[in-house]
Amino acid sequence: MSGSEGLSLRPDMAQKLYIIRHCQAHGQPAESPLTDVGLAQAEYLAQFFSNTKVNRIISSPFKRAIQSVTPLSEETNITLEIDERLSERVLSTTDLPNWLEKLKATFDDVDLKFDGGESSKEAMKRITEVVDEVFSSDAKSTILVTHGNLMSLLLRNYDSSFGFTDWQNLTNPDVFLLSYKNNTVVVERVWKGE
């Protein structure tokens, strides 16, 4: 996967951005904590990044996202930054019994929007704003922690073939690397959870 969105960087400056989908959690509400398995996965994530030089860690405000990188933040002494724009995409504020079909439809029609929710295009815009800001900063290696649907929309921004089935195949946790150099963003999956 590769692409670029008109970012303005020095062409010789390579930057790495790790996008992490949070570890296994107890449910979907913002306050849902990690499971015992998820807490162990968070410790493993800290080990996974132990040989990686990281400059910044930015997380969704949801508890499960914060808990997923707390061990890494503590181990590296990097202050955890919270960014509301990394919150999971709201499909609708009303109960959708057939929510999976509705979600699939939003991959086919990025402008489709349900009561109180965001369209795929709107959600994609807010996470790509965060990514663009990171790539425009001096940080050479940054970690963003977010959620499955929002992550899939970000990946789709760089690869239009990334769709509903790819979202279904994401794991908790999941780690993708976005590398930016010479006006190109290259995406690769670097770790897949269980």
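Just so it is clear, the model here is predicted, and its values are computed rather than measured.

Procedures and definitions
- Residues numbered from 1 in each chain as written.
- Predicted model: local features only at pLDDT ≥ 70, side-chain atom pairs only at ≥ 80, totals over all residues.
- Heavy atoms only, no water.
- Helix = DSSP H or I, 4+ residues; strand = E, 2+ residues; numbered from the N terminus.
- Buried < 20%, exposed > 50% of the residue type's maximum accessible area, 1.4 Å probe, protein only.
- Lys, Arg positive; Asp, Glu negative; His and termini not counted.
- Salt bridge = Lys/Arg side-chain N within 4 Å of Asp/Glu carboxyl O.
- Polar contact = N/O pair within 3.5 Å; in protein donor to acceptor, adjacent residues only side chain to side chain.
- Contact = heavy atoms within 4.5 Å.
- Core = buried A, V, L, I, M, F, W, Y, C linked by side-chain atoms within 4.5 Å.
- Pairing = 2+ DSSP bridges.
- Phe/Tyr/Trp six-rings, centres within 6.5 Å; stacked < 30°, edge-to-face > 60°.
- pLDDT = per-residue confidence, 0-100.
- Expected span 1.5 Å × (residues − 1).
- Bend = angle between axes of the 7 residues up to and from the residue.

(A) Representation of the side chain of Arg89. The topology assignment puts Arg89 in the loop between strand S4 (80-82) and helix H3 (99-108). Among buried Asp, Glu, Lys and Arg side chains, Arg89 stands out as unpaired, with Glu118 the closest opposite charge at 5.4 Å. A distance of 3.5 Å separates a polar atom in the side chain of Arg89 from a polar atom in the side chain of Thr106. Apart from the residues lying within four places of it in its own chain, the contact partners of Arg89 are Leu103, Thr106, Glu118, Ser119, Ser120, Ala123, Arg126, Asn149, Leu150 and Leu153.

(B) Main features of the nonpolar core. Within the largest apolar cluster, 32 residues are counted, with the highest numbers of intra-cluster contacts made by Leu17, Val131, Leu144 and Leu178. Contact partners of Leu178, with chain neighbours within four places excluded, come to Gln15, Lys16, Leu17, Ile19, Val131, Phe135, Leu154, Leu155, Tyr158, Val185, Val186 and Val187. In this structure, Ala46, Phe49, Val54 and Val145 belong to the second largest nonpolar core, which totals 19 residues.

(C) How the structure looks around the pairing of strand S5 (residues 141-146). Of all the six residues making up S5, six are buried; the element is thus mostly covered by neighbouring parts of the structure. What you see with S5 is no split at all: Ser141, Ile143 and Val145 on one side and Thr142, Leu144 and Thr146 on the other are buried throughout. Where strand S2 (residues 15-21) lies against S5, six bridges are found, and the strand directions are parallel. What sits directly across from Ile20, in S5, is Val145.

(D) Structural view of the environment of Thr128. Along the polypeptide, Thr128 turns up in helix H4 (residues 120-135). Along the sequence, Thr128 and Phe62 sit 66 residues apart, while their C-alpha atoms lie 19 Å from each other. The contact partners of Thr128, leaving out residues within four places of it in the chain, are Leu154 and Asn157. In terms of polar contacts, Thr128 uses its side chain to reach the backbone carbonyl oxygen of Met124, at 2.9 Å.

(E) Region of interest: the packing of aromatic side chains. Per the counting criterion, the structure on display carries eight aromatic pairs. When the centroid spacing of 5.6 Å and the interplanar angle of 25 degrees are considered together, the rings of Phe48 and Trp191 count as stacked. Pair noted here: Phe48 is in helix H1 (residues 36-48) and Trp191 is in strand S7 (residues 184-192), with a separation of 143 residues, a long-range link. According to the relative accessible area criterion, Phe48 is partly exposed, its value standing at 28%.

(F) Broad picture of the confidence of the model for the chain. With 93% of its residues at a pLDDT of 70 or more, the chain shows a mean pLDDT of 92. Low pLDDT, under 50, characterises residues 1-12; the stretch is placed with 30 contacts to residues that sit more than four places away or in other chains.

(G) Geometry of helix H2 (residues 63-76). Under the 1.5 Å per step criterion, the end-to-end length of H2 is 20 Å for 14 residues, consistent within 8% with the ideal 20 Å. Of all the bends in H2, the greatest, near 40 degrees, is centred on Val69, and the proline Pro71 appears no more than four residues after it. Every buried residue of H2 is listed here: Arg64, Ala65, Ser68, Val69, Pro71, Leu72 and Ser73. Buried residues along H2 sit in contact with S2, H1, strand S3 (56-59), S4 and S5. Two residues or fewer after H2 comes Asn77, characterised by a positive phi angle close to 60 degrees.

(H) Looking closely at the pattern of salt bridges. Here the structure, examined in full by the defined rule, presents 10 salt bridges. In this structure, Arg56 engages Glu81 in a salt bridge whose closest nitrogen and oxygen atoms are separated by 2.7 Å. In this pair, Arg56 sits in strand S3 while Glu81 sits in strand S4, placing the two residues 25 residues apart along the sequence. Given a relative accessible area of 24%, Arg56 falls into the partly exposed group. Within this structure, Asp83, Arg85, Lys125, Glu129 and Glu133 form a network of salt bridges that share partners.

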